[in-house]
Every structure is written in structure tokens, then in C-alpha cells.
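Here are the chains, one letter per residue:
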Amino acid sequence: MSPSSYLINILYYALLINIPQTNSQTTCDPCTQTTGSIFKVVPNTNCVEYVQCINSKQIGGTFRCSGDTIYDDSKQYCNWVSSVTCIDSEEVDCMPERIETDSPTLRPTPSPVTQKPVSPTLIVNVPDGTINGDTLNPGNNEDDCDETNPCPTNYTGYQTKPNTNCQSYIECKFGIPVSEYDCPTNTQRFIVEFGAISGKCSEEGVVPAGWTCPLDVSCVIDIDIQISISTDPPTTLEPTTTSPTVKPTIQPDISTYQMFRNYILQHEDEVSFIFTKPDGTSSTKYKFDDFIIGLDVSALQLPSNKAFFSGSNIPGRLPRISGMEYGLVNIAAFLANAKEMGIRYDTCDEWNTDYEQSPHEKYPLSNACGQYGRSYEDEACVADEPFHCVVDSFMEVVANDYNVDENLPPFMCKPREFNVGEEVYVGYYDTIDEVVIQSPYANTVGRTDIAGCCWWGRGVMLTKGTCTLGKLDIYLGQGAVDRGIYVYPDINFCLTPEAICNHEKSNELRWVLGLLEWTDRIQSYVDPLTGWNYMDQLQQFVNDGMVGTDFIKSVVNIVTRNCHDDLCPDKWPVGDKVYMENRVDHFRRLVFEVFNLPFTYQPTLSPSPPPSRSPSLSPTITAMPATPKPTRKKKVIALPPNKARDRLGGHSMAMLMAILVGTILLLCW
């Protein structure tokens with residue numbers, strides 16, 4: 001056994017013995033007959049323990065809910081005991097008994113991931129060194145040293161490059177090498193971190209105990225990889241040629257999400273209009289590559305009920321057509337809305353736009369607390385998902401972006417200030433005199449201060465409030481570390497909400513936050529009065545041939561007003577310009593011109609020539625049932641003889657005369 005494999009085994013058993021064991025209890029496999037990525041309660045643990053399953057296989061070790069919470073299978077998170085009905089026995093095949101211990105052993109504390117060079121990994125927490133049946137060893141040996149590709153099949157993460165004394169490493173995505181990196185100094189060595197399939201360069205003197213760099217192996221790596229000089233992700237995540245330096249990415253059992261993702265990648269050029277500002281120039285803050293990374297995180301890292309819907313686990317509209325068609329309409333609706341929000345203004349932070357028009361244009365600085373009648377800090381999560389961030393009146397945050405053209409100050413939050421017992425008000429900005437007037441000037445909900453008002457919109461959807469940021473932390477940030485999930489372990493999104501816009505991972509975080517809002521608020525939307533359901537309406541729209549604009553207009557209303565029509569009692573007031581027609585046009589263009597929907601064929605997994613004729617945007621003409629036409633009253637127009645002759649023509653006139661003569665003769669007979 002190699003030293004690296006030995007280390008993984010030690011750490012794996014350290015995780016397993018974290019929970020007190022008994023001699024007689026066995027643990028049954030909770031992942032039996034599961035599909036996709038989902039967390040499941042471990043039977044016989046009173047719903048305290050749970051594991052992550054991907055396609056019926058357990059990934060990683062066992063997690064444990066803390067405090068007075070137990071795991072809620074239906075919600076996919078640890079919930080209050082009073083809110084969960086614990087179903088704690090399942091008839092499944094059982095695995096061998098766990099290793100007995102006399103006392104619990106503490107789980108090893110993961111090293112903070114502060115030196116990752118690129119995007120977060122897509123598959124996490126694999127302490128046993130396997131994923132999808134493939135063995136993943138840190139470093140390389142004779143078995144995993146591929147002359148053409150050092151990345152194991154379907155592997156996403158980082159891999160030490162052989163024969164470099166662990167000073168160089170490869171970034172792999174779905175088994176493809178996409179970038180090569182070198183450690184900053186000759187004294188540092190690259191180490192694949194336990195559990196996260198990520199990695200970092202560490203000084204030789206501070207590497208984990210027992211770790212040694214694998215010996216050189218007898219293979220020659222001859223891969224043609226573009227060296228990434230910056231921390232930006234590569235320009236493409238898929239090979240653009242048939243170069244022999246990479247392995248094929250398409251497997252016979254490729255998932256719907258991978259088909260969906262590949263299809264979008266194949267249409268990168270056509271979808272590029274989404275990533276441009278109204279003047280036609282490219283957005284500086286929203287790029288296609290960052291969108292793909294955010295989509296990967298949303299689809300593969302979030303709990304199944306919060307993951308972006310790509311069409312998985314449902315049959316297609318027609319035989320032999322996958323559910324990917326539904327997923328493409330879903331992403332088209334998301335992108336059509338995103339373009340008219342963060343991308344239109346090329347900003348990560350919400351701007352101050354709610355002002356009094358006369359006599360001067362006065363913009364309250366307390367608009368950071370909420371604009372157009374909304375109070376962002378009060379828009380908390382629903383009772384059964386109490387994950388919203390706690391409002392701290394002493395927090396101080398300044399927005400990274402602001403309206404440069406109007407020279408308006410950026411949003412900020414800070415404690416209330418007093419001078420000799422008198423409050424120093426933040427006031428308003430006067431655009432005529434271009435000066436801040438410090439007076440008790442209130443916003444539309446009566447706020448004159450900005451204490452605790454740190455929850456303005458951020459990211460591609462300009463996501464507002466404490467709820468979605470709190471969920472982002474619970475699912476992917478520091479709040480997820482206790483469950484063994486290390487996607488953004490160095491970020492507490494509740495304590496540092498501006499990390500969305502100024503962290504080194506901001507390029508992808510802007511998309512991740514927007515996609516989480518979409519899955520959490522739009523995909524799950526159900527109107528309590530009428531039962532109008534986004535997912536049902538999405539499928540109905542596709543099944544009916546994708547005709548009309550009612551569906552996308554309802555979706556725009558949900559995004560901007562929190563209600564699909566005017567019946568909702570708690571709808572948001574209409575705020576800044578909605579650009580409804582623009583969103584509808586973007587949606588139609590994506591659906592019909594870019595993605596070539598509706599499908600009438602089985603989508604291929606490799607690029608194919610574009611259709612010889614673009615789908616028409618005109619409505620389909622269908623035969624109407626025959627109905628009696630109403631009798632129309634004839635209208636007689638008298639014309640002079642010369643005009644009548646001109647209209648009928650000489651030949652026609654002769655025929656008419658012959659018919660008249662014949663009729664007279666017949667009558668006389």
C-alpha cells in the first residue's frame with residue numbers, strides 16, 4: 001500500500017469511529033435505489049446521522065446533526081425535532097458491522113482551503129478515495145499514470161502531475177485535463193486534500209504527517225494543456241478538437257445533466273448575446289465560463305431539492321427524447337431574466353435607483369435597507385427553513401459596485417452615529433448639486449438610518465434579503481463544513497455578504513447565488529390561492545409545443561414581483577424597470593434559435609451541423625374546425641359602362657353576352 005493510500009485509510013476510519021458504536025447494531029445501506037445526488041438518513045440512528053448518496057452509492061463518511069436537530073429527508077437538511085417525523089427503519093441490505101470503539105474519536109479538522117488556485121470542486125467529501133467506482137489516489141503510481149491523460153475517468157478535482165516531485169498539478173473536469181499549475185516556490189509540494197478532492201501547495205515542513213510525495217513513475221506525460229496564468233477559469237471546459245491528448249468525455253451511461261451541460265457548451269457562440277450589455281459590448285462581470293462553473297455547483301453540490309433542474313429523473317416529451325428539453329427551457333428562462341438584471345447594468349451590487357423626482361432628484365442613502373417599498377432585512381426565510389442570516393446592527397459593509405454614471409455613493413451599512421446626543425443621519429444624495437445632505441430623509445419604508453441594512457441585492461439576479469445568503473452559507477459556505485462539505489469553506493456569507501462581489505471566487509459566486517435564488521424561489525414556486533406551479537407549468541409549456549408568451553410572462557412576474565399574477569396578497573411592488581418585452585424576446589431567442597427547440601429528434605451527444613433552416617418564430621398555423629360562415633350582404637357598386645368594360649375585359653364581356661342570349665332562348669323555348 002502506498003503512503004498516500006495508507007493516509008486515506010487512516011482518515012477514513014477516523015471518520016467512521018466519530019460516532020459511538022455498540023456491539024450489536026448494524027448499519028443498513030441508506031443509498032439503495034437512490035438516483036442523482038441526495039442525502040439520506042442512516043437507519044437506526046434516530047435520524048441524527050445521514051450520508052450523501054450519488055446514484056445508489058454512498059459518497060464519503062457519515063454526517064451528524066448538531067444540537068436539538070435531526071435530519072429531515074424531505075427538506076434535505078437538519079431541522080428542529082418538532083418539525084420532523086423521523087422514519088427510522090428501512091428494509092434494505094445491510095453492510096458489515098462497524099468497527100467497535102470504546103469511546104468516540106474526534107473527526108480530524110479539515111485544513112482551511114485558502115490557497116486553492118481555481119474554481120471549487122464539483123464532487124466533495126470522498127474520504128474512502130473512490131467515486132463512481134473509480135479509485136482516486138492522491139499523487140500517482142503505475143496504475144493511474146496515463147501517458148495521455150493523468151485524470152481518472154469522470155474525475156473532477158486536482159491531480160498531482162507525475163514526475164514533477166509534486167511541484168506541478170493538473171485540474172481535471174469530468175476526466176479531462178483543463179489546466180496545469182506549478183507551486184509558487186521550489187520548497188512547496190502539491191497535496192490533494194483529504195475529503196475535498198481539492199488541493200493546495202504546502203511547504204515541505206508543514207505537510208500532513210505520514211505524507212510523502214510519490215516516487216517517479218515510468219510513464220511520459222505528453223498532454224497539450226493551456227497553462228492558466230490567472231485565476232480565471234479556462235476558456236472552455238470541453239475539448240474543442242479531436243486531439244489525442246484527452247480521453248473521450250461521453251460515456252454510454254452519461255447523465256441527463258452532463259448531456260444538458262454539453263449541449264449548452266456546444267452552443268456557446270450562439271448564447272453569447274446573453275453576456276453582453278445593452279450597447280452590445282461584453283459584460284466585464286458576467287462571463288460564460290463562470291456561468292458554467294456556477295451551474296455545475298448548483299446542479300451537483302446543492303441538495304437535490306435546491307439543485308438546478310436540468311430535466312433529470314423525468315421522461316421526455318416524446319419517445320427517445322430525454323427530459324433535457326425541460327431543462328433547456330428552464331435555463332432559458334433563468335438567463336432571459338438574468339440578462340435584464342445584473343448583466344444589463346454590469347454590476348454585482350444593487351444600485352440606488354429609488355428617488356424623489358422633484359424639486360431635486362433626491363436619493364435616500366437608507367435605500368440600502370430596501371427600495372420601492374421593500375425592507376430587505378425583514379424578508380426572512382419561511383418557518384420550516386430557518387436559515388436566514390441574523391441581522392447585526394453593528395456590521396459595516398460597503399458595496400463594491402455603484403452607479404458610476406450618476407456618481408451616486410455605493411450602498412453601505414453601519415451602526416447609527418451620534419454627536420453630543422444628536423443622531424448623525426446618513427441623509428440623501430442630491431444629483432443636482434452632487435452632494436450628500438445629512439438630514440433625516442427617509443426611504444419609502446421610513447428608514448433614516450442604515451444600521452443592519454447589509455442585505456441589498458447582489459449577483460446576477462441581484463438577490464436581496466437575509467434568506468438566500470443564509471441558505472448559501474448552510475449549503476456551501478462555512479455552515480456546511482460541519483457536514484463535511486467543503487465548497488466555499490473559508491467564507492461565512494452571513495458575516496461577509498459582500499464576498500459575493502469582492503472575494504477571489506466572486507466571478508462564479510455571482511452566478512451561484514443567482515442560481516440558488518432561482519431554484520429556491522422560482523423552481524419551487526406554488527401559488528397558495530390558485531395552485532399555479534412553476535414546475536408543472538414548465539412541463540406543460542414544453543408538452544404543448546412551446547407556444548405563446550403566457551408562461552415566460554408569468555415567470556418574469558415571479559422574479560420581479562414574487563407573484564405570477566395580481567392575485568397574490570404578499571406580492572412585491574413593482575420597482576425599477578422590469579423590461580418585460582426584452583425578457584420575453586431573450587427567452588424566445590434562446591428556446592427557438594439557440595437551443596433549436598422543440599426537439600423532434602434524439603439530441604446527440606456530440607456537436608452536429610446546424611439545421612439547414614432555422615425554426616420559424618411565427619405561430620404555427622393549424623386547421624380550424626369547419627363552421628358555417630355567416631351570410632354576407634352583397635354590396636352593389638354601379639360603374640359606368642366604360643369602366644365595367646375595362647374591368648371585365650373584351651373576352652369576358654363576349655362570354656357574358658353569349659350566356660345572356662342562351663338564357664333568353666332557353667326561356668322562350
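A brief structural summary. (Residues numbered from 1 in each chain as written. Predicted model: local features only at pLDDT ≥ 70, side-chain atom pairs only at ≥ 80, totals over all residues. Heavy atoms only, no water.)

### So, the state of the cysteines
Piece 1. Evaluation of the coordinates by the stated rule reveals nine disulfides.
Piece 2. Sulfur-sulfur distance for the disulfide between C348 and C501 comes to 2.1 Å. Looking along the S-S bond of the C348-C501 disulfide, the torsion reads about -80 degrees, which is the left-handed sense. Of this pair, C348 sits in the loop between α5 (324-345) and β13 (362-364) while C501 sits in helix α7 (residues 499-502), and the two are 153 residues apart along the sequence. (Disulfide = S-S within 2.5 Å. Helix = DSSP H or I, 4+ residues; strand = E, 2+ residues; numbered from the N terminus.)

### Focus on the packing of aromatic side chains
Piece 1. Scanning the entire structure with this criterion turns up 29 aromatic pairs.
Piece 2. A centroid spacing of 5.5 Å and a plane angle of 20 degrees characterise the contact between Y169 and Y181, whose relative ring orientation is stacked. Here Y169, found in strand β9 (residues 168-173), pairs with Y181, found in strand β10 (residues 176-182); they are twelve residues apart in sequence, far enough to count as distant. By the burial criterion, Y169 is buried, and Y181 matches it.
Piece 3. Sitting over the ring of Y579, R344 keeps its end group 3.7 Å from the ring centre.
Piece 4. Looking at R589, its charged tip hangs above the ring of F273, at a distance of 3.8 Å from the centre. (Phe/Tyr/Trp six-rings, centres within 6.5 Å; stacked < 30°, edge-to-face > 60°. Buried < 20%, exposed > 50% of the residue type's maximum accessible area, 1.4 Å probe, protein only. Lys NZ or Arg CZ within 6 Å of the ring centre and 35° of its normal.)

### A look at helix α8 (residues 506-522)
Piece 1. A rise of 1.5 Å per residue sets the reference length of α8, with its 17 residues, at 24 Å; its end C-alpha atoms lie 23 Å apart and thus fit the reference within 8%.
Piece 2. With 16 of 17 residues buried, α8 lies mostly within the body of the structure. (Expected span 1.5 Å × (residues − 1).)

### Thoughts on the environment of H388
Piece 1. Relative to the elements of secondary structure, H388 occurs in the loop between β13 and β14 (397-398).
Piece 2. Taking the C-alpha atoms as reference points, H388 and T468, 80 residues apart in sequence, are found 6.9 Å from one another.
Piece 3. Among all residues touching H388, those that are not within four sequence positions of it are A380, C381, T466, C467 and G470.
Piece 4. A distance of 3.2 Å separates a polar side-chain atom of H388 from the backbone nitrogen of C381. (Contact = heavy atoms within 4.5 Å. Polar contact = N/O pair within 3.5 Å; in protein donor to acceptor, adjacent residues only side chain to side chain.)

### Describing the side chain of H267
Piece 1. Mapped onto the fold, H267 is located in the loop between α2 (256-266) and α3 (268-271).
Piece 2. Of the residues examined, H267 reaches a relative accessible area of 9% and is grouped as buried.
Piece 3. Excluding residues that lie within four positions of it along the chain, H267 makes contacts with V594 and N596.

### Points about the nonpolar core
Piece 1. One finds F291, F334 and Y534 to be the most contacted residues of the largest nonpolar core, which totals 116 residues.
Piece 2. For this core, the element with the most residues is α5, which contributes 13 residues.
Piece 3. Among residues more than four places away in sequence, those in contact with F334 are F291, F308, V460, M461, W511, G514, L515 and W518.
Piece 4. The next biggest cluster of nonpolar side chains, apart from the first, holds six residues, and it includes Y181, C183, F190 and C201. (Core = buried A, V, L, I, M, F, W, Y, C linked by side-chain atoms within 4.5 Å.)

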